[in-house]
Amino acid sequence: MNKILIANRGEIAVRIIRACREQGLQSIAVYSECDRTALHVRLADEAYPIGPNPAVESYLNINRIVDVARQAGADAVHPGYGFLAENDAFADACREGGLIFVGPSPEAIALMGSKTAARAVAIRAGVPVVPGTTEPVLESATPEELAARAGEIGYPLLVKAVAGGGGKGMRAVDSSSELLTAVQTARSEAHSSFGDSAVYFERRLVKPRHVEVQLLADGYGTILPFVERECSIQRRHQKLVEETPSLAVSRTLREEMTSAAARIAALAGYTNAGTIEFLLDESTGRAFFLEMNTRLQVEHPITEMVTGVDLVAAQLAIARGERLTLDPHRLLEPAGHAIECRVYAEDPDANFLPSPGRITHLRPPAGPGVRDDSGVTEGSEIPVFYDSLVSKVASWGSNRPLAVARMARALAEYQIRGIKTTIPFFLRLLKDADFLAGRFDTTFVERLLGRHAGDRPDPLSVEARTIALMAVALQALHSEAPVPTASADGWKERARFEGLREWPTA
Amino acid sequence: MNKILIANRGEIAVRIIRACREQGLQSIAVYSECDRTALHVRLADEAYPIGPNPAVESYLNINRIVDVARQAGADAVHPGYGFLAENDAFADACREGGLIFVGPSPEAIALMGSKTAARAVAIRAGVPVVPGTTEPVLESATPEELAARAGEIGYPLLVKAVAGGGGKGMRAVDSSSELLTAVQTARSEAHSSFGDSAVYFERRLVKPRHVEVQLLADGYGTILPFVERECSIQRRHQKLVEETPSLAVSRTLREEMTSAAARIAALAGYTNAGTIEFLLDESTGRAFFLEMNTRLQVEHPITEMVTGVDLVAAQLAIARGERLTLDPHRLLEPAGHAIECRVYAEDPDANFLPSPGRITHLRPPAGPGVRDDSGVTEGSEIPVFYDSLVSKVASWGSNRPLAVARMARALAEYQIRGIKTTIPFFLRLLKDADFLAGRFDTTFVERLLGRHAGDRPDPLSVEARTIALMAVALQALHSEAPVPTASADGWKERARFEGLREWPTA
Amino acid sequence: MTLQIEIDGRLSRVLVERAGSEPRYRFTIDGQSADVDAVRLDRWTWSLILPDGSQHVVAVRGSAMSGFTVHLSSRDVTAGVARRGHRTSRPLGGGQEGIGSGPARIMAPMPGKVVRVLVTVGQNVQAGEGIVVVEAMKMENELRAPRAGVVREIAARPGLSVEVGAVLAVVD
Amino acid sequence: MTLQIEIDGRLSRVLVERAGSEPRYRFTIDGQSADVDAVRLDRWTWSLILPDGSQHVVAVRGSAMSGFTVHLSSRDVTAGVARRGHRTSRPLGGGQEGIGSGPARIMAPMPGKVVRVLVTVGQNVQAGEGIVVVEAMKMENELRAPRAGVVREIAARPGLSVEVGAVLAVVD
């Protein structure tokens, strides 16, 4: 295995290209038209165009990607997450094309990728599941039939894409009046995200925590689960913040969840990296199987930080046919605490509306205990065609308060202009008393936002107002007749400033 | 302790400001004229000017700094490394001014800061020292007297600043003819670096390794040594690359060196962070006490990476009067392997000549297992007045080959333009067979450079030449009559390009 | 130079002058004076050191014509500016019109593609009822009626690519 | 456009034309043609994708007048350029003159401060003998005679601040 095609874009493509370079493997990037100058293209050894901007014509174009991989002489294909990562037809096309697919077999993807089939596997493995429909809801179902199926499950419920993941193609329904719109929206989103519009219904637990177990499985039957990740900080089923370990998981519960995860993976004939998601009912201490993500998870860095295992390198090793030789006990004993904040190009002060655009200025966070997995550089354009993840900031500390303090420090340092991001939301969250105490569940963010919905914008302090007035006055003064700034090196500042002006002054 | 003045600049000031923020402490930056817009000023809560550019008038101005600290209401002063960090008069002035000095007592600094007195302490602690003069060489010594003292030690020898550190004020002398110039140069450099021109002579071991032991000591008698750092990759006594653990140190030798370090610190009444440097004679397996650095070390990040201890946070805790509660055994058992490369503004292709100037473009390395401690940002000016350290890149891997591969990946990603840096040297070093095998000593870099002195510049490959020709042709084409670049978004590229041009085209 | 600057609905009178040697400025804000060390870091960014020693990096985008946006560490604020005797510029508002009287225009809050139109012209809608679904960045965003009324116009149709601020429908 | 480009002492003839739709260029280098996907990332940086799929980010500073410096991943190279019929520009050299004949000028290789002058006018010096010590960035750098000769001129004096390229002494 010498040459890997990365069938993805953005930060995860960059992450995988870095792993390839560290492992001495050649990397091949692919790009849609608007991604010609994207960071993942710039960092790769080779790069090939795969079509127009809409994902269905490029990053979801199985034939094109397999053709490029074969023509470029790739030995393997890494799908990242999203796009074709959980598409069994793609894994199959790679196998048919003589390419190693860095992930599970097409059969395992098909089995666990179907949310309904996966639930059946969990039941066979003796793992509790959330009540719901055992089969997908028929495309042809009439409104009356839909209402009847929903009634059997009971409200509140979730409409979920059978092929779904990451909150795409999922809608919450509180009462029967919302059902039809929710099914339509979920189907349409599922189709555009996964090319499959099938959906099913699932009971919505009241205030559950979302906790998940990462695992690695090699081709020789070794299955290694890792200490859990806490992913309850989410909005509209889109994860915002993850941490490991979870404050809500006791040693006993960890043992229970990790062995449940390993049993499910074994029954599914699972290989490579995967994640079993659970909903944790804190009132009863019971964890229910939710679904399996049959690929690398967005939030894998925090697991790497507390265990020292490079999960992408491990994926590549498993794909090469190597045996896992990690010490299973170390994977369940986290060293310290890690947190990740997902920096999305969304406006937290305007209901998290997407905020595509050009990044005019960028200074990522750095220093001790901070890791930034970014897909952009200064000057990058965040296109409207793909998801809005800009970068993932992860922090490590010897305990949770230190990891939180470090995250706040890192995000305060993170300068990104030209687009709106979720950073201001995180800075507020990291000061919230309930968050700091670990008292939260999957409904927490909506409640937090609701609680503060009335009092936006925060009133400015006297000092903040003064500073804003001064800065505006200076900018107004200097934009009328640009003059050099004051400094010990007057002429240098002048040169610097003139270099930045678009037009010389009359 | 609520407010800390950082009596330093550059990356170490940034490092300490970050620690303050993470610990909930207010930070105060100080700056010379040319540093008004430096990164450490931008990140601090408060900032005060302390004088003109030459360090003796600003960063070495004890009265001014103590005055600023008191006026600003600081409780404590962190000296960083270099400048006043090992100046007992400064530590004393802080104490007299009612300020906590984040470091050892003035008495311990004076004792261990004098290289000759420190050697006496080591001898009392039963630790072997390198043969040399036990007292400083007199300022008034005639050339004949100098030659006589040198003759007693024997050539090759080193002229070393009594107050020295970091290779400043140190000169190697192979024969008597070089002695006078070496003494003069060392005295002059020692004076400008430390404000003290006293020097002494020390035998120069043949091809020793430079290995050092970090330690922390609290005010209650607890002294904790850490797993050693290997610092043999140096040039003209300036460290370039450090790693931990050392391939040359067995478990027995580690036990011997760390307990020697703890004995020396105990005898010196040492508190806070410090480092005992040893020269390791590989042929005999003997480690000789070289000197003690009574402050935070430049290369502290690699120790943090393999032990999980935040050394700056520990310094602040000790200064606050807290007890050390770390598990001593964990500090001696490194988790994985870490390497640091010091990115200096020096031209490795021109005998490492200083390369001050403005950083016109910067994209620091990032991603898994990489830490960049930088003192600059895009647009920063590297002044001629201070040392040339730009940033420190550290990498972590579960073993040495992975840490090395990751470092190579990180440095290849590191884009910094406008100044020359040592990055190209590191990229060559990281491919050297002897370096990869761990076969090196403190003379290794000079030999490596000598070996390659004849064959610079490396001949370009056909592909590299082709690419260079193409890029030059494109640049020539477009600089004559700037036209927009080609892309799917023609107009966007045009706008972007015009925004970057200094002058509109006629 | 004296400016009238409006932030958060409150107007301040700001006099700015050079004070002593560069880079010092004297600001007089609503009658209170302060000497400030202000250096421009780039075209939009200023580093200010106030008399109390506090250090602030502030970015300001925009112009006196369009209004300014100030990026403070706590949050972004918009500011309108007028020189003495001129009209104050309107602070930059959001993309959606108020809940007051008059026709309510449903505008695209970001560039994207219309996926579905949920109403027809002439239909009665309640406040909060979905009008149009716009997809951007793989998320469908339902745009809702800001208040009850009758759908007067629909400019959106499925598949249409829309720029930020495009009017998609009018409810009255 | 056809250019003569000199790199590492060897001249190449480079024809560059637009080929098909943007961003493709056709290069003909010493008779060999290749279609390349080239996009400008910023004022000095190009991303090239060659026909074999290999991707390269290359920065180029300078001008046809002064010569160019190309930042390759392996090392920096200098290049001189002439359009057909014009003279080739001199590649940018280092700060120090060659070891050839004629007076040898000792020039400051970086900005700094003269700390000591080690010779006097009229003194005989050997190749490699120290002439002047310049301090920059806390390191003293001894500048040495590139060859044996007599010190003809000394422009340096202790304490003098010097810019890069300043002549400090002449040995002949």
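This is a predicted model, so every value here is computed, not measured.

Caption draft 1: Structural view of the overall build of chain C. Check the secondary structure of chain C and you find zero helices and 16 strands. With 172 residues in all, chain C has 46% of them scored as buried. Total accessible area on chain C stands at roughly 8,100 Å², and carbon and sulfur atoms take up 48% of it.

Caption draft 2: Main features of the interface of chain B and chain D. Listed by partner, the interface residues are 56 residues for chain B and 59 residues for chain D. For the chain B and chain D pair, buried surface summed over both sides reaches about 5,300 Å², with 66% attributable to carbon and sulfur atoms. Area buried by chain B at its contact with chain D is led by Arg465(B), Met470(B) and Gln475(B), which between them contribute 13% of it. Of the charged contacts, one joins Lys420(B) and Asp76(D) as a salt bridge, the two residues approaching to 3.4 Å between their closest N and O atoms. Our count for the chain B to chain D interface comes out at 14 residue pairs in polar contact (both at pLDDT 80 or more). Along the lines of polarity and charge, the residues of the side of chain B that touches chain D split into 27 nonpolar, 16 polar and 13 charged.

Caption draft 3: Up close: the interface of chain C and chain A. If you look at the interface, chain C gives 59 residues, while chain A gives 56 residues. In total, chain C and chain A occlude about 5,200 Å² of area from one another, counting both sides; carbon and sulfur atoms represent 66% of this. On the chain C side of the interface with chain A, the three residues burying the most area are Arg40(C), Met137(C) and Lys138(C), jointly 18% of the side's total. For the pair chain C and chain A, the number of links is 14 residue pairs in polar contact (both at pLDDT 80 or more). Of the residues belonging to the side of chain C that touches chain A, the class tally is 36 nonpolar, six polar and 17 charged.

Caption draft 4: Spotlight on the sheet that holds strand β1 (residues 3-6) of chain B. Overall, parallel pairing links the five strands, which are arranged β3-β2-β1-β4-β5 (chain B) in an open sheet. Looking at strand neighbours, the two that pair on one side only are β3 (46-51) and β5 (100-101) of chain B, the edges of this open sheet.

Caption draft 5: Structural view of the nonpolar core. Residue and element names in this part refer to chain A. In terms of nonpolar packing, the biggest core is built from 100 residues, with Leu-5, Phe-90, Val-390 and Leu-411 touching the most fellow members. Among the elements that line this core, the one with the most residues is helix α1 (residues 10-22), at seven residues. Ignoring anything within four residues of it in the chain, the contact list for Leu-411 reads Cys-341, Val-393, Ile-423, Phe-426, Leu-427 and Leu-430.

Caption draft 6: Spatial organisation of the sheet that holds strand β16 (residues 167-171) of chain C. Residues and elements named next belong to chain C. Taking strand neighbours across the sheet as the criterion, the four strands line up as β9-β16-β14-β11 in an open arrangement whose pairing is antiparallel. Each of the sheet's edge strands pairs with one partner strand only, and the pair in question is β9 (104-107) and β11 (124-125). In terms of strand pairing, strand β14 (residues 149-154) meets β16 through three bridges, oriented antiparallel. Each bridged residue has a counterpart across the sheet, and for Val-151 the counterpart in β16 is Val-171.

Caption draft 7: How the structure looks around helix α8 (residues 179-194) of chain A. Residue and element names in this part refer to chain A. Between its first and last C-alpha atoms α8 spans 21 Å; for 16 residues at 1.5 Å apiece the expected length is 22 Å, and the two agree. Of the positions making up α8, those classed as buried are Leu-179, Ala-182, Val-183, Thr-185, Ala-186, Arg-187, Glu-189, Ala-190 and Ser-193. Positioned one or two residues after α8, Gly-195 has a phi angle of 70°, which is positive.

Caption draft 8: Main features of the side chain of Asp432(B). Residues and elements named next belong to chain B. Looking at the secondary structure, you find Asp-432 in the loop between α14 (423-429) and α15 (433-437). Within the structure, the side chain of Asp-432 is placed 3.0 Å from the backbone nitrogen of Phe-435, a separation counted as a polar contact. Apart from residues no more than four positions distant in its own chain, Asp-432 is found in contact with Phe-444, Leu-448 and Arg-451.

Caption draft 9: How the structure looks around the pattern of salt bridges. Residues and elements named next belong to chain A. Inspection of the entire model under this criterion finds 92 salt bridges over all chains. Glu-304 is paired through a salt bridge with Arg-371; the nearest N and O atoms lie 2.7 Å apart. Of this pair, Glu-304 sits in helix α10 (residues 300-307) while Arg-371 sits in strand β20 (residues 370-374), and the two are 67 residues apart along the sequence. Grouping residues by exposure puts Glu-304 and Arg-371 together as buried. For the salt bridge of Arg-428 with Asp-349, the shortest nitrogen-to-oxygen distance reads 3.0 Å. With a gap of 79 residues between them, Arg-428 in helix α14 (residues 423-429) and Asp-349 in the loop between β16 (346-347) and β17 (353-354) connect regions that are remote in the sequence. Among the residues examined, Asp-349 registers a relative accessible area of 34% and is labelled partly exposed.

Caption draft 10: Representation of helix α1 (residues 10-22) of chain B in the model. Residue and element names in this part refer to chain B. If you check α1, its first and last C-alpha atoms are 19 Å apart, about what 13 residues at 1.5 Å a residue would give, namely 18 Å. The element α1 is largely enclosed, with a buried count of 12 among its 13 residues. Gly-10, Glu-11, Ile-12, Ala-13, Val-14, Arg-15, Ile-16, Ile-17, Arg-18, Ala-19, Cys-20 and Glu-22 are the residues of α1 that are buried. Remark: Gly-24 follows α1 within two positions and exhibits a positive phi of approximately 75°.

Caption draft 11: Structural context of the confidence of the model for chain C. In this model, chain C carries a mean pLDDT of 83, and residues with pLDDT of at least 70 account for 88%. Per-residue pLDDT stays below 50 along residues 85-100 of chain C; that stretch engages in 32 contacts with residues further than four places along the chain or on separate chains.

Caption draft 12: Representation of the packing of aromatic side chains. Residue and element names in this part refer to chain B. Enumeration over the complete set of coordinates arrives at 20 aromatic pairs over all chains. On the basis of an interplanar angle of 75° and a centroid distance of 6.1 Å, the ring pair of Phe-83 and Tyr-386 is categorised as edge-to-face. Placement of Phe-83 in the loop between β4 (76-78) and α4 (88-96) and of Tyr-386 in the loop between β21 (381-382) and β22 (389-397) is noted, with a sequence separation of 303 residues between them. Take Tyr-386: its relative accessible area is 1%, and that puts it in the buried class. Taking 6.0 Å as the distance between ring centres and 85° as the angle between the ring planes, the aromatic pair formed by Phe-90 and Phe-101 counts as edge-to-face.

Caption draft 13: Structural detail: the state of the cysteines. The final tally for this structure, using the stated rule, is zero disulfides over all chains. Of all cysteine sulfurs, the one in Cys94(A) lies closest to Cys20(A), which takes part in no disulfide; the gap is 14 Å.

Caption draft 14: Local environment of the packing of α1(A) against helix α11 (residues 311-319) of chain A. Residue and element names in this part refer to chain A. As a packed pair, α1 and α11 sit with axes 9 Å apart at the nearest point and diverge in direction by 65°. Read as a crossing pair, α1 and α11 show a hand that is right-handed. Of α11, the residues touching α1 (which contributes Arg-15, Ile-16 and Ala-19) are Leu-311, Val-312 and Leu-316. Among the residues making up the contact of α1 with α11, the classes are represented as five nonpolar, no polar and one charged.

Caption draft 15: Representation of the side chain of Gln475(B) in the model. By the element assignment, Gln475(B) lies in helix α17 (residues 462-480). You can call Gln475(B) buried: its relative accessible area is 3%. Within the structure, the side chain of Gln475(B) is placed 2.7 Å from the side chain of Trp46(D), a separation counted as a polar contact. Once you skip the residues sitting within four places of it in the chain, Gln475(B) turns out to touch Arg40(D), Arg43(D), Trp44(D), Trp46(D), Val60(D) and Phe68(D).

What counts, and where the lines are drawn
- Residues numbered from 1 in each chain as written.
- Chains lettered and ligands numbered in written order.
- Predicted model: local features only at pLDDT ≥ 70, side-chain atom pairs only at ≥ 80, totals over all residues.
- Heavy atoms only, no water.
- Helix = DSSP H or I, 4+ residues; strand = E, 2+ residues; numbered from the N terminus.
- Buried < 20%, exposed > 50% of the residue type's maximum accessible area, 1.4 Å probe, protein only.
- Areas by Shrake-Rupley, 256 points an atom, 1.4 Å probe, with all protein chains shown as cover.
- Contact = heavy atoms within 4.5 Å.
- Buried area = accessible area lost by both parts, 1.4 Å probe.
- Salt bridge = Lys/Arg side-chain N within 4 Å of Asp/Glu carboxyl O.
- Polar contact = N/O pair within 3.5 Å; in protein donor to acceptor, adjacent residues only side chain to side chain.
- Nonpolar A, V, L, I, M, F, W, Y, C, P; charged D, E, K, R; others polar.
- Pairing = 2+ DSSP bridges.
- Core = buried A, V, L, I, M, F, W, Y, C linked by side-chain atoms within 4.5 Å.
- Expected span 1.5 Å × (residues − 1).
- pLDDT = per-residue confidence, 0-100.
- Phe/Tyr/Trp six-rings, centres within 6.5 Å; stacked < 30°, edge-to-face > 60°.
- Disulfide = S-S within 2.5 Å.
- Axes fitted to C-alpha atoms, helices over the stretch in contact; angles between N-to-C directions.
- Left-handed = near helix turned anticlockwise from the far one by under 90°.

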